[in-house]
Amino acid sequence: MNIAIDGPAGAGKSTIAKTLAKKLGYIYVDTGAMYRAMALYFLEQGISPENEPAIMDAADRADISICYHKGQQQVILNKEDVNGKIRKEEVGNMASAISIYPAVRTKLVALQQKLAKTADVIMDGRDIGTCVLPDAEVKVYLTASPCTRAKRRFDELQEKGVECDLEAIQKDIEERDYRDMHRKTSPLRQAEDAVLIDSSELNIDEVVEAVYNIWKKRQ
Ligand code: DC
């Protein structure tokens, strides 16, 4: 049994997926982390996101896999654990920019599908319900208004003591939404059979409960 959760940046997908994975004993697969690892490789190689031939060539050389340490997903890029390096905004934006290329997507989708064959997974991303796991038993499209998502990200950064600007964060989120929703290959969209949850007015427990109830009905 697989659960697919798609939605835009900052909608709370990973928090919900992690909590539910624990509750249900499923493996949580964060596919964004794989695109981020690929993006990190291109950044380290000094490759511009516009240089498609260089991206195609480098995508072949980026060996990406995941493993689990104390229940936490670790992303391995060419034998190095890069979990600590992929959370920066710069890497997230590069991930969004390079995820338009079929050479990048084909490789990562194959890895994601392989993982879903080995266990019950709850997988989050942008194209899980539409492309990676079209037969997933549970599909959720989790969203929230750009303003809510920006405020959540702002609070998160403030808590970490990182100086930031709410307006700049919202602009960044809107640009990322546009890119992720308008690319040619597997754009972010709600699968026809996905349940829409808008978390703008809901807390984490309420969203977890909503997804849990959908899962329960499918048993
Ligand atoms: O979920 P995230 O912010 O870690 O994802 C970073 C970027 O990776 C996102 O803006 C678009 C891309 N991505 C994708 O194209 N498909 C996925 N399944 C997951 C992420």
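Remember, predicted model here, so these are calculated numbers, not experimental data. (Residues numbered from 1 in each chain as written. Predicted model: local features only at pLDDT ≥ 70, side-chain atom pairs only at ≥ 80, totals over all residues. Heavy atoms only, no water.)

> How do you make sense of the environment of Tyr35 when you look at a structure like this?
On the secondary structure map, Tyr35 appears in helix 2 (residues 31-44). By relative accessible area, Tyr35 is classed as buried at 6%. When the C-alpha positions of Tyr35 and Asp57 are compared, they lie 16 Å apart, and in sequence the two are 22 residues distant. Other than its neighbours up to four places away in sequence, Tyr35 contacts Ala95, Ile98, Ser99, Val104, Arg105, Leu108, Val109, Gln112 and Asp127. (Helix = DSSP H or I, 4+ residues; strand = E, 2+ residues; numbered from the N terminus. Buried < 20%, exposed > 50% of the residue type's maximum accessible area, 1.4 Å probe, protein only. Contact = heavy atoms within 4.5 Å.)

> What is the right way to look at the sheet that holds strand 1 (residues 3-6) in this model?
Remark on secondary structure: sheet strands pair via backbone hydrogen bonds, oriented parallel or antiparallel. One open sheet holds the 5 strands; their spatial order is 2-6-1-7-8, and the pairing between them is parallel. Here the strands that pair on one side only, and so sit at the sheet edges, are strand 2 (27-30) and strand 8 (195-198). The sheet shows a mean angle of 20° between the axes of neighbouring strands, direction not considered. Note: strand 1 against strand 7 (residues 138-143), 4 bridges, orientation parallel. When the sheet's bridge partners are listed, Ile5 is paired in strand 7 with Val140. Strands strand 1, strand 2, strand 6 (121-125) and strand 7 of the sheet are contacted by helix 1 (residues 13-24), whose axis makes an angle of about 180° with strand 6. (Pairing = 2+ DSSP bridges. Axes fitted to C-alpha atoms, helices over the stretch in contact; angles between N-to-C directions.)

> I would appreciate a short explanation of the pairing of strand 1 in the present structure.
Every other side chain in a regular strand lies on the same face of the sheet, so the side chains alternate between the two faces. Here strand 1 shows two buried faces, one formed by Ile3 and Ile5 and the other by Ala4 and Asp6. In this structure, strand 1 lies alongside strand 6, joined through 4 bridges in parallel fashion. The residue of strand 6 that forms the bridge with Ile3 is Ile122.

> Teacher, can you tell me more about the site of the ligand here?
Among the 15 residues in the neighbourhood of the ligand, the closest are listed as Arg36, Arg105, Asp127, Asp180 and Arg183. Within the side chain of Arg183, a nitrogen or oxygen atom sits 2.8 Å from an oxygen atom of the ligand. Relative to its free-state accessible area of 450 Å², the ligand is covered by the protein chains to the extent of 94%. Within the residue set of the shell around the ligand, elements represented by two or more residues are helix 2, helix 4 (89-98) and helix 8 (166-182). Here the shell around the ligand is built from residues that sort into 3 nonpolar, 5 polar and 7 charged. (Near = heavy atom within 4 Å. Polar contact = N/O pair within 3.5 Å; in protein donor to acceptor, adjacent residues only side chain to side chain. Areas by Shrake-Rupley, 256 points an atom, 1.4 Å probe, with all protein chains shown as cover. Nonpolar A, V, L, I, M, F, W, Y, C, P; charged D, E, K, R; others polar.)

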